[in-house]
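Next come the chains, spelled out residue by residue.
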Amino acid sequence: MNTPASTLAASVDYTIQLIEKGAQDGATCTPDLVQAPWNFDGGAPSYGPGASMGDVIPVNTPRQGQLPQVYRDASPAELHARIMRAKQMLGDKLVILGHFYQRDEVIQYADYVGDSFQLANAAKARQDAEAIVFCGVHFMAETADLLSRENQAVILPNLAAGCSMADMANIDQVEECWEQLMELYGEEVDEDGRAQVIPVTYMNSSAALKGFCGRNGGIVCTSSNAETVLEWAFERGKRVLFFPDQHLGRNTAKAMGVPLSRMPMWNPNRPLGGNTADEVLDAQVLLWHGFCSVHKRFTVAQIEQARADYPDVRVIVHPECPMPVVDAADEYGSTDYITKAIAAAPAGSTFAIGTEINLVQRLAAEYPQHTIFCLDSVVCPCSTMYRIHPGYMAWVLDGLLDGQVINQITVSDDVAVPARVALERMLAAKPPVAGGGGAVDGAGAGAGAASSADAAAAAVATADSDVAAPEGAADVTNRG
């Protein structure tokens, strides 16, 4: 198989190989990125090389068994032939979903490309598909299972493709937090009929946390509709408990006018989250001590360097970035917002983007009329997206041809029923403005408050040192 030049230009894998061979200038965050992901399936659990390699992984995290030798030994051409044969033979019984952050070698086989909720909705729309192969991470496959029909099997090619941020808030910790809050706040509604606190979970969380929100009057949000969801929550409660991503919660609430002094951090390893009772009582938004290790890498210094190198640069960052980075950027928004902003820009525009490198490099290849680069000059992809590879895809697809469902992801009914309630509340909370992001007050060329999010998305600094995607659902790309 001859790889087209356009694919090579978009391929982060190829870039990493060139850098490590000394054939291209640049740096990676670890030389282990040149290895195939199955080299990390054995031994102690880990997120694998990349942005999350230093994060603490739970002992009970799903683990992937050894990929059969035939797939480990296969050449790219052989894997390509197996995948294409399966796609042809399975036809409409199969749908392959590829997240924006996947390597290009995987994206080339996807029937739909988008963020987590776009893809879950794409799967929901494919009623004829018996098998949904989700090339993303575990919480995304869970969401697809929540929204799929009973006779559809959701498959995650590599069970080790988790998410360190999603793992930073588990159901036991959240239940313990809730008990402490109820003890302090009480469970009585106020004179306006509002609850003492409303739980809000980011889409990048386990199905168990979505179920917790469903059971306790809460809701799910994406990075595109977080402002609309917080407005929904404040209509129904005096406060919000926001998990697991502190940065999305802080950036969104700050844009809505909530003072930082009323957004205490909740560290699940400390009594009352490390706060005094008065601080918790005065809180408007309680921020869970979690973060995305990809977006934590972006800094104000990187933005300053981009402006020095390109005076007319347009800096757009994801709202999972730390607050000082969002404040220093021109705009912030979900992956869908970033993609649409670049697509709509006049030829010759220059963009510095603060999100995962696979998406940034793919956009640079797709829009050669622009100058597009990642704020972080060090190539450091999402560790867990990296765990998906054509070898695992060929393996699970061959299994389907043999009548075997490998690595099926299922959510039990006791979790799925309340989790769907929380998702349905999100679907009903439609944002008023399209976009999924906005300009940042006083930053660069930005002039105005951040807008609320993407209307179609409804169809779905900081203290990071102590603790170890999304995203809107607008126009998913159909590649079928």
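Our structure is the block above this text.
These lines cover the structure that appears in this document, whether it is placed above or below. Position numbers for residues start from 1 in each chain and track the written sequence from start to end. In keeping with the predicted nature of the model, local features appear solely for residues at pLDDT of at least 70, side-chain atom pairs appear and are counted solely at 80 or more, and the whole-chain, interface and lining totals rest on all residues. Hydrogens are left out, water is left out, and the side-chain values use all remaining heavy atoms of the structure.

**Observations concerning the environment of Arg-103**
Then, number 1: Note on conventions: DSSP H or I runs of at least 4 residues are helices, E runs of at least 2 residues are strands, and numbering of each starts at the N terminus. Inspection of the secondary structure puts Arg-103 in the loop between β2 (94-99) and α5 (104-107).
Then, number 2: Remark: exposure states derive from per-residue accessible area (1.4 Å probe, protein chains only) relative to the maximum for the residue type, with buried under 20%, exposed over 50%, and partly exposed in between. Arg-103 sits in the buried class, given a relative accessible area of 6%.
Then, number 3: Along the primary structure Arg-103 and Tyr-14 are separated by 89 residues, whereas in three dimensions their C-alpha atoms are 10.0 Å apart.
Then, number 4: Contact definition: two residues touch when any of their heavy atoms are within 4.5 Å. Those residues in contact with Arg-103, other than ones at most four positions away along the chain, are Asp-13, Pro-37, Asn-358, Arg-362, Tyr-386, Ile-388, His-389 and Pro-390.
Then, number 5: Identification of polar contacts relies on pairs of N or O atoms within 3.5 Å, with a donor-acceptor requirement for protein atoms, meaning one able to donate a hydrogen and the other able to accept it, and with residues adjacent in sequence counted only if both atoms are side-chain atoms. Among the polar contacts listed, one links the side chain of Arg-103 to the side chain of Asp-13, at a separation of 2.6 Å.
Then, number 6: Of note is the side chain of Arg-103, whose polar atom sits 3.0 Å from the backbone oxygen of Ile-388.

**Focus: unusual backbone geometry**
Excluding glycine, residues mostly carry a negative phi; peptide bonds, for their part, are mostly trans.
Then, number 1: Looking along the chain, the bond that leaves Phe-243 and enters Pro-244 is cis, with omega of -5°.
Then, number 2: Mapped onto the elements, Pro-244 comes out in the loop between β8 (240-243) and α12 (246-255).
Then, number 3: The backbone phi angle of Leu-272 is positive, close to 50°, even though this residue is not glycine.
Then, number 4: Residue position: Leu-272 is located in the loop between β9 (265-266) and α13 (277-282).
Then, number 5: In this model, Asn-407 sits at a positive phi of 60°, which is unusual for a non-glycine residue.
Then, number 6: Among the structural elements, Asn-407 can be located in the loop between α18 (390-401) and α19 (413-428).
Then, number 7: The buried category is assigned to Asn-407, whose relative accessible area is 13%.

**Considering the side chain of Thr-28**
Then, number 1: Relative to the helices and strands, Thr-28 resides in strand β1 (residues 27-28).
Then, number 2: Judged by relative accessible area, which is 16%, Thr-28 ranks as buried.
Then, number 3: At 2.6 Å, the side chain of Thr-28 and the side chain of Glu-20 are in polar contact.
Then, number 4: One polar contact links the side chain of Thr-28 to the main-chain carbonyl oxygen of Thr-30, over a distance of 3.3 Å.
Then, number 5: Once residues within four sequence positions are removed from consideration, Thr-28 is found in contact with Ile-16, Ile-19, Glu-20, Leu-33, Val-378 and Val-379.

The values reported here are purely geometric and, on their own, carry no functional implication.
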